[in-house]
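# A closer look at the structure
Here's the letter readout for the chains.
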Amino acid sequence: PFYRVHVYSLTLLFNYSIFYFGTEFNTDISGGHICSGYSHFIGTGEFGNLSKQYGNVHSLFIGSRPAVVLHGFKAIKEALVNKGNDFSGRAQDLMVNHAIHPIGVVLADYSSSWRERRRFGLMTLRNYGLGKDSMEQRILGEVNTLIKLMEQSLGTSISPQLIFHSAASYIISQILFAQQYDYEHDFTKFFVGVFLEVSKIFNGRWGMLYDSFPVLRNLPLPFRRAFTLLQILSENKTTRVGDGSSFSEDNLYSLLLDFHFAGTDTTANTLLTCFLYLMSYPEVQERCQKEIDEVLDGKDQVSFEDRHEMHYPQAVLHEVQRMADVAPLSVFHKVTRDTELMGFSIPKGTIIIPNLSSTLTEDGYWKDPHHFNPDNFLNDEGQFIKPENLIPFSAGPRTCLGENLARMELFLIAVTLLRRFRFIWPEDGGTPDLTPQFGTIQTPKPYRMKVQLRPTA
Ligand code: HEM
């Protein structure tokens, strides 16, 4: 038989529960091992253990569908970059596909229409100023709103979650929408709220049940709420597409959702991780501020170009991305034709799970793999270096389309806020908990922060 299945373990049901069956690949065919479970519930720590047991390329089941997990930089690069054409499809039968019809970019299968829409997305980002001053000015404009909010809360402790989510949402919305609303407007609250709630459903146990057990899909279970919310959003769309466009209204709507989904949670959770670590390591925060003051001496605002002179803050921001591990399993890929990888044959249609997390602490690549240490990104002369195996944006033809925008946002927001404020862990905040909450998009545990004006500000 293709798969030799035996029950490996049956762990809990429902409350953080998974059906977890271990199976082995028929060694005549693949030479490898297979075990199954469900990614959202196994957690990346468990994934790491599976690689120790089964190797850097092994498989598991999502419901009844076989998937292959790739661990470590070598296997991921070999598949996503060197064999990019074979490994760049997308699975088409998961809850996200059904709720958001995959005619945008993120969830679309590898095809000429995906390529066309991806090109359109990149062109739109460029036309709206990425790589030119205008995008920078928009981001800095948004930082001013953050500054005002923080100034109103000086001395008290604030919850940064909604603030950073709204800022990230606002920046991407400036490209996507003609009209803007402030943070307190009903539309903003509705829009940001829908995305937070829908992501929670996709990433939670209801999303897992939907994906694993197709028979449940039409039942009135709580996952239907995601469909309802997206339907309400869809009913509120208006179109600006003129005659002659190769894009339908639905294509544009999907692109809007894609860009907003892909660009908000990821960036906001990286910022949240950044300030969590800066408060937990005050000496790192102070060293960043010292270098920022020196480089910006006399300038009233930072520019993205300044990053080339800010070696330590750049190292800290990259180390934060390593710790944040925002998209631990990337977005699942799919094999577009029968192919092979590192001696394993993989049939067309197999889901591919790139375990990006596994590259972040991989032996032999980092000076200090298991601790927060900006030295991981500094050479002996204290200059910033970026090891090629830091791939939070993934790699190959499906690599994140918003990487440059995200990098610009993280740098400009962090540097401007650090120049003006000191961030302190509140006395009544307990001990900082740096362990992220596992999910398709990882997020730090909710925390509060205290903001003080810096004497030089
Ligand atoms: C820190 C911030 C971000 C991180 C860590 C991140 C990470 C990722 C990852 C891991 C993927 C999957 C790549 C793959 O399938 O191999 C992805 C895809 C994508 N990201 Fe991002 N992202 C970030 C910010 C953004 C922003 C700001 C945008 C907005 C323009 C964006 C737009 C996209 C799109 C459109 C895709 C789908 C690309 C495709 O399927 O062809 N991302 N991102």
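In short, a report on the structure. Each residue is numbered by its place in its chain's sequence as written, counting from 1. Residues qualify for local features only when their pLDDT is at least 70, as the model is predicted, and side-chain atom pairs are given and counted only at 80 or more; totals for whole chains, interfaces and linings, by contrast, use all residues. With hydrogens and water stripped out, all remaining heavy atoms of the structure feed into the side-chain values.

### Some points on the overall build of the protein chain
Helix and strand definitions here come from DSSP, where helices need a minimum of 4 consecutive H or I residues and strands a minimum of 2 consecutive E residues; each element is numbered from the N-terminal end. Counting its regular elements, the protein chain contains 14 helices and 12 strands. Buried positions account for 52% of the 457 residues belonging to the protein chain. Contacts are residue-level and defined by heavy atoms, with any inter-residue pair within 4.5 Å sufficient. When contacts within the protein chain are restricted to residue pairs at least 6 apart in sequence, long-range pairs at least 24 apart make up 69% of them. For the protein chain, the exposed surface amounts to about 20800 Å²; the carbon and sulfur share of it is 53%. Categorising residues by exposure relies on relative accessible area from a 1.4 Å probe, with only protein chains included: less than 20% of the type maximum marks a residue as buried, more than 50% marks it as exposed, and the intermediate range marks it as partly exposed. In this description, accessible areas are obtained by the Shrake-Rupley approach with a 1.4 Å probe, and a residue is regarded as covered only by the protein chains that are shown.

### A short note on the nonpolar core
The criterion is simple. A nonpolar core is a set of buried Ala, Val, Leu, Ile, Met, Phe, Trp, Tyr and Cys residues joined through side-chain atoms within 4.5 Å. Ranked by internal contacts, the top residues of the largest apolar core, which has 69 residues, are Ile139, Met150, Phe164, Phe275, Leu417, Phe423 and Met449. It is helix 10 (residues 249-280) that provides the largest number of residues to this core, a total of 11 residues. Setting aside residues no more than four positions away along its own chain, Phe275 makes contact with Phe164, Ala414, Leu417, Phe423, Tyr447 and Met449. Met95, Ile100, Phe202 and Leu230 belong to the second-largest nonpolar core, a separate cluster that totals 18 residues.

### Overview of the sheet that holds strand 12 (residues 449-453)
Sheet architecture is open: 3 strands sit in the order 6-12-11, paired in antiparallel fashion. Of all strands in the sheet, those bounded by a partner on one side alone are strand 6 (157-158) and strand 11 (421-424). Pairing geometry for strand 11 and strand 12, over 4 bridges, is antiparallel. Bridge assignment links Ile424 to a residue of strand 12, and that residue is Lys450. Its contacts with the sheet put helix 14 (residues 403-420) on strand 11 and strand 12, and the angle it makes with strand 11 is roughly 95°. By definition, two strands form a pair when at least two bridges between them are found by DSSP. Axis lines are fitted to C-alpha atoms, over the contacting stretch for helices. Their N-to-C directions set the angle, which ranges from 0 to 180 degrees.

### Section: the site of the ligand
Close contacts around the ligand come from 26 residues, with Arg90, Arg118, His333, Ser394 and Cys400 the closest. We define a polar contact as two N or O atoms separated by no more than 3.5 Å, with the added condition that, inside protein, one atom must be a possible hydrogen donor and the other a possible acceptor, whereas residues neighbouring each other in sequence contribute only through side-chain atom pairs. The contact in question runs from an oxygen atom of the ligand to an N or O atom on the side chain of Arg90, over 2.8 Å. The side chain of Arg118 places a nitrogen or oxygen atom 2.8 Å from an oxygen atom of the ligand. Of all the secondary-structure elements, those providing two or more residues to the shell around the ligand are helix 4 (112-127) and helix 10. Ranked by residue count, the leading element in the shell around the ligand is helix 10, at 6 residues. In the scheme used here, Gly and all other residues not listed as nonpolar or charged are polar, with Ala, Val, Leu, Ile, Met, Phe, Trp, Tyr, Cys and Pro taken as nonpolar and Asp, Glu, Lys and Arg as charged. Across the shell around the ligand, the residue classes tally to 14 nonpolar, 9 polar and 3 charged. A single heavy atom is enough: if one lies within 4 Å of a molecule or strand, its residue is considered near that molecule or strand.

### Focus on the coordination of the iron atom of the ligand
Only nitrogen, oxygen and sulfur atoms qualify as donors, provided they sit within 2.8 Å of the metal or within 3.2 Å for Na, K and Ca; with water excluded from the atoms, sites may seem incomplete. Looking at the protein side alone, the iron atom of the ligand has one donor only, Cys400 (SG), at 2.3 Å. Looking at the secondary structure, you find Cys400 in the loop between helix 13 (357-360) and helix 14.

### Digging into the pairing of strand 4 (residues 57-62)
Across the 6 residues that make up strand 4, a large majority, 6, are buried. Going residue by residue along strand 4, you find Val57, Ser59 and Phe61 tucked away on one face and His58, Leu60 and Ile62 tucked away on the opposite face as well. Examined bridge by bridge, strand 4 and strand 5 (residues 65-71) share 6 bridges and lie antiparallel to one another. Paired with Val57 across the strands is Leu70, a residue of strand 5.

### Focus on the packing of aromatic side chains
Note on aromatic pairs: the rings of Phe, Tyr and Trp (six-membered ring only in Trp) are paired at centre separations within 6.5 Å, and the planes decide the class, stacked below 30 degrees, edge-to-face beyond 60, tilted for the rest. One pass over the structure, following the stated rule, counts 13 aromatic pairs. Aromatic side chains Trp206 and Phe223 sit 6.2 Å apart centroid to centroid with 75° between the ring planes, which places their arrangement in the edge-to-face category. In this pair, Trp206 is assigned in helix 8 (residues 205-212) and Phe223 in the loop between helix 8 and helix 9 (224-235), connecting sequence segments 17 residues apart. Under the relative-accessibility criterion, Trp206 is labelled partly exposed at 23%. Assessed through its relative accessible area of 0%, Phe223 is described here as buried. Arranged with centres 4.7 Å apart and planes meeting at 35°, the rings of Tyr277 and Phe372 form a pair that is tilted. Of this pair, Tyr277 sits in helix 10 while Phe372 sits in the loop between helix 13 and helix 14, and the two are 95 residues apart along the sequence. The exposure class of Phe372 is buried, given its relative accessible area of 8%. Taken together, the ring pairs connect Phe164, Phe275, Phe421 and Phe423 into an aromatic cluster.

Geometric values such as these leave the question of function open.
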